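Here is what each chain is made of, one letter per residue.
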Amino acid sequence: MSLKAGIVGLPNVGKSTLFNAITKKNILAANYPFATIDPNIGVVVVPDERLNYLNDLYKPKSLVPTTFEFTDIAGLVKGASLGEGLGNKFLSHIREVDAICEVVRCFENSDIIHVENVVDPIRDIEIIEVELILSDLEIIENRFNKIGKKASLSKDKEVQMEAQILTKLKETLQKNIPIRRIELTEEEKLYIKPFNLLTNKPIMYVANVSEDDLLTSNNKYIEKVKEYAKKDNAEVVVVCAKVESDLSEMSTDEKNEFLKELGVNESGIDKLIKASYELLNLKTFFTAGVDECRAWTFKKGMKAPKCAGIIHTDFEKGFIKAEIMSYEDLKKFGSEKQVKEAGRMRLEGKDYIMQDGDICYFRFNV
């Protein structure tokens, strides 16, 4: 599935350094604003120990993990909605992503210039939030200006409904409240979808700390970010972009040894990738056999035929049944044969809602 998260933040918060580490790409990461001018796109593997287990069990000729797309977007500054810095370019690029990962600087370093001169993560978050709100407000007001007069004169229910929704959104934004914080009906959600509103996108915060703070877990800024994130029920992932950059240059064994010395089970990047995957309500099902073991991404709530269509459109068109066992059952019983003998292999029809960790064989006829 072609869903992607955009990595955003003010200049010099460690955004591009983190992106470099995530994708192991050599994009420009310089100590001055707008080092990243065009959005950089990187495809990353989603860490999943379940696929490793399937690989050990089936010993397939091919192993294919699921992937996720990150876009690194040029640093934003105050006044972007009015065209400051790379304002319009930034806002157009972020409008194209499905979720926002906002990198927030939570470290002191006199050698790295802060665009606002003083480290204050909440101020930084609010700068970006205001710019996104202003950009959304402009879109809503432009649309309202086009249909407002018509709505006041017309008895057309659809036009009146549109005016009511626009008024609700306009009043929300004018109070400096992002759209994602208000309750919307299914009808309202469907209506605003084409606008691709920035403040309606799911968001998470990435607290970039120093190496010392990563080791001590004693950082006064992190708690402030976590408290702020509660407004959006958003997750906060703590990383040290510098450490992640170093880890990206190491072999697997060196990386594991380094993480062990730090006293952590997984890198900040692995946590970030998993959290971004979850942010978009993405789940994983598997196909497994001696030829190939493969992880597939699907959206939570999708039914079996749609998931079959992710593999091939013919699978969805001619869907008959899905033969399914759970990863947990396979791990518990140790083989497909034993899963079947235990009565845990099942046939599911067109209304079956796929579950994370399902291992599937689709029956179809075209």
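Residues numbered from 1 in each chain as written. Predicted model: local features only at pLDDT ≥ 70, side-chain atom pairs only at ≥ 80, totals over all residues. Heavy atoms only, no water.

1. What to know about unusual backbone geometry
Negative phi characterises most residues that are not glycine, and trans characterises most peptide bonds. Worth spelling out the cut-off: Think of it this way: any DSSP run of H or I at least four residues long counts as a helix, any run of E at least two long counts as a strand, and we number them from the N terminus. Only protein chains enter the accessibility calculation, which uses a 1.4 Å probe; a residue is then buried when its area is under 20% of its type maximum, exposed when over 50%, and partly exposed in between.
Positioned with a positive phi, Asn196 is a non-glycine residue whose angle comes to about 50°. Mapping Asn196 onto the fold places it in the loop between helix H6 (186-192) and strand E6 (203-208). With relative accessibility at 33%, the residue Asn196 sits in the partly exposed group. For Asn233, which is not a glycine, the phi torsion comes out positive at approximately 50°. As for its position among the elements, Asn233 is in the loop between helix H8 (220-229) and strand E7 (236-239). What makes Asn233 exposed here is its relative accessible area of 76%.

2. Observations concerning helix H5 (residues 157-174)
So the rule is basically this: The span one expects for a helix is its residue count, reduced by one, times 1.5 Å.
Here H5 contains 18 residues, and its C-alpha end-to-end distance of 26 Å stays within 8% of the 26 Å for a straight helix at 1.5 Å per residue. Buried within H5 are the following residues: Val159, Glu162, Ala163, Ile165, Leu166, Leu169, Thr172 and Leu173.

3. Quick look at empty space enclosed by the protein
How we decide: The method works on a 1 Å grid over the protein atoms by themselves. A cavity is a set of points holding a 1.4 Å probe that cannot get out, a pocket is an open set with protein on both sides within 12 Å along at least five of seven lines, and residues with an atom within 4 Å of a point line them. Grid points are joined across faces, edges and corners, and a volume is the space filled by probe spheres set on the points. Here the nonpolar group is Ala, Val, Leu, Ile, Met, Phe, Trp, Tyr, Cys and Pro; Asp, Glu, Lys and Arg are the charged ones; every other residue, Gly included, is treated as polar.
Under the defined criterion, the tally for this structure stands at 1 cavity of 30 Å³ or more. Estimated volume of the largest cavity: approximately 50 Å³. Around the largest cavity, the lining residues are Glu102, Ile125, Ile128, Glu129, Leu132, Arg180, Thr199, Ile203 and Tyr205. For the lining of the largest cavity, the secondary structure elements donating two or more residues are helix H4 (121-153) and E6. With 4 residues, the top contributor of residues to the lining of the largest cavity is H4. Per-class residue counts for the lining of the largest cavity are 5 nonpolar, 1 polar and 3 charged.

4. As for the layout of surface pockets
In this structure, the largest pocket occupies an estimated 1100 Å³ of space. What lines the largest pocket is a set of 32 residues, among which Asp98, Asn200, Lys201, Pro202 and Lys299 lie closest to the centre. Partitioned by chemical class, the residues of the lining of the largest pocket number 16 nonpolar, 4 polar and 12 charged. Looking at the second largest pocket, its volume works out to about 820 Å³.

5. Describing the state of the cysteines
Such a bond, covalent and formed between the sulfur atoms of two cysteines, is termed a disulfide. To keep it simple, the criterion reads: Here, the term disulfide refers to a pair of cysteine sulfur atoms separated by no more than 2.5 Å.
One pass over the structure, following the stated rule, counts 0 disulfides. Cys360 takes part in no disulfide bond, and the closest cysteine sulfur to it belongs to Cys307, at a distance of 7.4 Å. Cys360 sits in the buried class, given a relative accessible area of 6%.

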